[in-house]
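# Summary of structural features
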Amino acid sequence: MIAALSNEYDPSIGELAQACAITFKGNASNNLQQDAFFFLDNWYQEDLGVMAVTSVELPFCLAVSDGVASSNYSQHCSKAVVKAISRLWSHNTKPTADAIHQLVNQTKHSSKRHGAAATLAMVVGELNSDGIIKVTITHVGDSRVYWLPKGATQWQCLTRDHNLLNELIDQQAQEEGHQANFSDYNREGMAGSLYSITECFALTTDDSYTSSEAPESMSRTIEISIGDYILVCTDGIHDLVPSHDWQPVSAETDLQEWLITLKNQVYDSDGNAYDNGTAILLRFD
């Protein structure tokens, strides 16, 4: 999937985008904040907060990680994931799922945290040799990345959740002798058990961490036009407020106000913010 470029990026301009992030604990039954995120140059894990709108230069990295609530210690796994991203990024190393896995498992964790798990959705922006902005999307689990190309009215989900439902869709398509359409994935309104995550990062206390397998990840690259938008979010956002219910965005939109409205939509939904929520909105100017 490639965006039609309106113009190439001029490196002399410096700033190419604006970004803003929001996070909230919501009404999670365990009363824990298990989301964490990486925003440009630092990691965060907060009960409630909205960032100031921040200018973005190339290269950049934005990521969210959602602790899987089956463990009351999964906030430590999501934090370990974004801390690993921060460490890699500060050393000018492009973060990948394998590199994150290695750093997470090199860290000593207490035995009570063994098995704590977390997802990942991450975007890394770079400039290619043709002067075109390239964004690489990496994800594990059911945190997602959405893209709104310039002039479009409907957000496109760029990630396929690692869950039981999507595995069944793939299996059925294979049995029928064809490949599943991307639009078949990430269905809404299905039984909760089918959303069970099949891939995630996990903490281990095993000294032989190298024997621990990295989670299966998916990665893709798109080219970006001026006027495009990207949203990176945890399932506490997209499960309760599907993308077709998000407010419109434009060049005049206040990114901070837009995210606050999205948070309010989550609280006003039928699910009443039953989970933590984190979202990062990026506008290419």
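Everything that follows concerns the structure shown earlier in this document.
Per chain, residue numbering runs from 1 following the sequence as it is written. A pLDDT threshold of at least 70 governs which residues receive local features in this predicted model, and a stricter bar of 80 or more applies before side-chain atom pairs are shown or counted, although totals over entire chains, interfaces and linings include all residues. By convention in this description, side-chain values take in all heavy atoms of the structure and omit both hydrogens and water.

Bringing the side chain of His76 into the picture now. Helix and strand definitions follow DSSP, with helices as H or I runs of at least four residues and strands as E runs of at least two, each counted in order from the N terminus. Checked against the element boundaries, His76 lands in helix α1 (residues 74-90). Working definition: with a 1.4 Å probe on protein chains only, accessible area under 20% of the residue-type maximum means buried, over 50% means exposed, and in between means partly exposed. Judged by relative accessible area, which is 17%, His76 ranks as buried. Among all residues touching His76, those that are not within four sequence positions of it are Arg113 and Leu203. Any pair of residues with heavy atoms lying within 4.5 Å of one another is described as a contacting pair.

So, about the environment of Thr153. Mapping Thr153 onto the fold places it in the loop between β10 (144-148) and β11 (156-157). As a C-alpha pair, Thr153 and Val249 span 96 residues in sequence and 8.8 Å in three-dimensional space.

A few words on unusual backbone geometry. What you tend to see is this: most non-glycine residues have negative phi, and most peptide bonds are trans. Along the chain, Leu58 connects to Pro59 via a cis peptide bond; the corresponding omega equals -10 degrees. Within the secondary structure, Pro59 sits in the loop between β5 (54-57) and β6 (60-66). A positive phi angle, near 70 degrees, is found at Leu40, a position not held by glycine. For Leu40, the position within the fold is in the loop between β2 (35-39) and β3 (42-44). Take Leu40: its relative accessible area is 15%, and that puts it in the buried class. Residues other than glycine seldom take positive phi values, yet Asn92 does so here, at roughly 55 degrees. If you trace the backbone, Asn92 turns up in the loop between α1 and α2 (97-106). Assessed through its relative accessible area of 76%, Asn92 is described here as exposed.

Another point: the sheet that holds strand β8 (residues 120-127). When DSSP finds at least two bridges between two strands, those strands are taken to pair. One open sheet accounts for 6 strands, arranged β3-β2-β6-β8-β9-β13; its pairing is antiparallel. Each edge of the open sheet is held by one strand with a lone partner, namely β3 and β13 (218-223). The average undirected angle you get between the axes of adjacent strands in this sheet is 15 degrees. A fitted line through C-alpha atoms represents every axis, and for helices the fit uses only the stretch in contact; the resulting angles, taken between N-to-C directions, go from 0 to 180 degrees. Along the sheet, α1 makes contact with β2, β3, β6 and β8, crossing β2 at roughly 10 degrees.

Turning our eyes to something else, we now look at the nonpolar core. Ranked by internal contacts, the top residues of the largest apolar core, which has 27 residues, are Phe39, Phe60, Val123, Val135, Ile230, Leu282 and Phe284. Of all the secondary structure elements, the ones that give two or more residues to this core are β1 (15-24), β2, β6, β8, β9 (133-140), β10, β14 (229-233) and β15 (277-284). A total of 4 residues in this core trace back to one element, the largest contributor, which is β1. Val135 has contacts with Phe60, Val123, Val124, Gly125, Arg220, Thr221, Ile222, Ile224, Ile230 and Phe284, leaving out every residue within four places of it along the chain. Judged by nonpolar contacts, the second largest core, of 24 residues, contains Cys61, Ala63, Ile100 and Val140. Put simply, buried Ala, Val, Leu, Ile, Met, Phe, Trp, Tyr and Cys residues joined by side-chain atoms within 4.5 Å make one nonpolar core.

Note on aromatic contacts: the rings of Phe and Tyr and the six-membered ring of Trp form a pair at centre separations within 6.5 Å, being stacked when their planes are under 30 degrees apart, edge-to-face when over 60 apart, and tilted otherwise. Overall, the coordinates contain 8 aromatic pairs when judged by the stated rule. Taken together, a centroid distance of 5.6 Å and an interplanar angle of 45 degrees make the contact between Phe24 and Tyr267 tilted. Here the residue Phe24 occupies a position in strand β1, and Tyr267 occupies one in helix α5 (residues 255-268), the gap between them amounting to 243 residues. Ring geometry for Tyr146 and Trp246: centres 4.8 Å apart, planes at 70 degrees, overall edge-to-face.

Let us now look at the layout of surface pockets. Counted as a void, the second largest pocket has a volume near 210 Å³. We place a 1 Å grid over just the protein atoms. Points where a 1.4 Å probe fits but has no way out form a cavity, open points with protein on both sides within 12 Å along at least 5 of 7 lines form a pocket, and any residue with an atom within 4 Å of a point lines it. Surrounding the second largest pocket, 13 residues form its lining, Lys79, Ala80, Lys83, Thr107 and His109 being those nearest its centre. For the lining of the second largest pocket, the secondary-structure elements that each account for two or more residues are α1 and α2. With 6 residues, α1 is the largest single contributor of residues to the lining of the second largest pocket. Looking at the lining of the second largest pocket, its residues break down into 5 nonpolar, 3 polar and 5 charged. Grid points are joined across faces, edges and corners, and a volume is the space filled by probe spheres set on the points. By the convention adopted, Pro, Cys, Tyr, Trp, Phe, Met, Ile, Leu, Val and Ala count as nonpolar, Lys, Arg, Asp and Glu as charged, and the other residues, Gly among them, as polar.

Buried residues of α2: Ala97, Ile100, His101, Leu103, Val104 and Asn105, and no others. Tucked into the core, α2 has its buried residues touching α1, β8, β9 and β12 (201-202).

Here the focus is the packing of α1 against α2. With their axes 9 Å apart at the nearest point, α1 and α2 run at an angle of 110 degrees to one another. Looking at the two axes, α1 sits roughly perpendicular to α2. Handedness of the crossing formed by α1 with α2: right-handed. Contacts between α1 and α2 involve Ala80, Val81, Ala84, Ile85, Arg87 and Leu88 from the first element and Ala99, Ile100, Leu103 and Val104 from the second. When the residues that make up the contact of α1 with α2 are grouped by side-chain class, the tally is 9 nonpolar, no polar and 1 charged. Note that the term roughly parallel is reserved for angles under 35 degrees, roughly antiparallel for angles over 145, roughly perpendicular for angles of 65 to 115, and oblique for everything else. Each helix crossing is assigned a hand: it is left-handed if the near helix lies turned anticlockwise from the far helix by less than a right angle, otherwise right-handed if that turn is clockwise.

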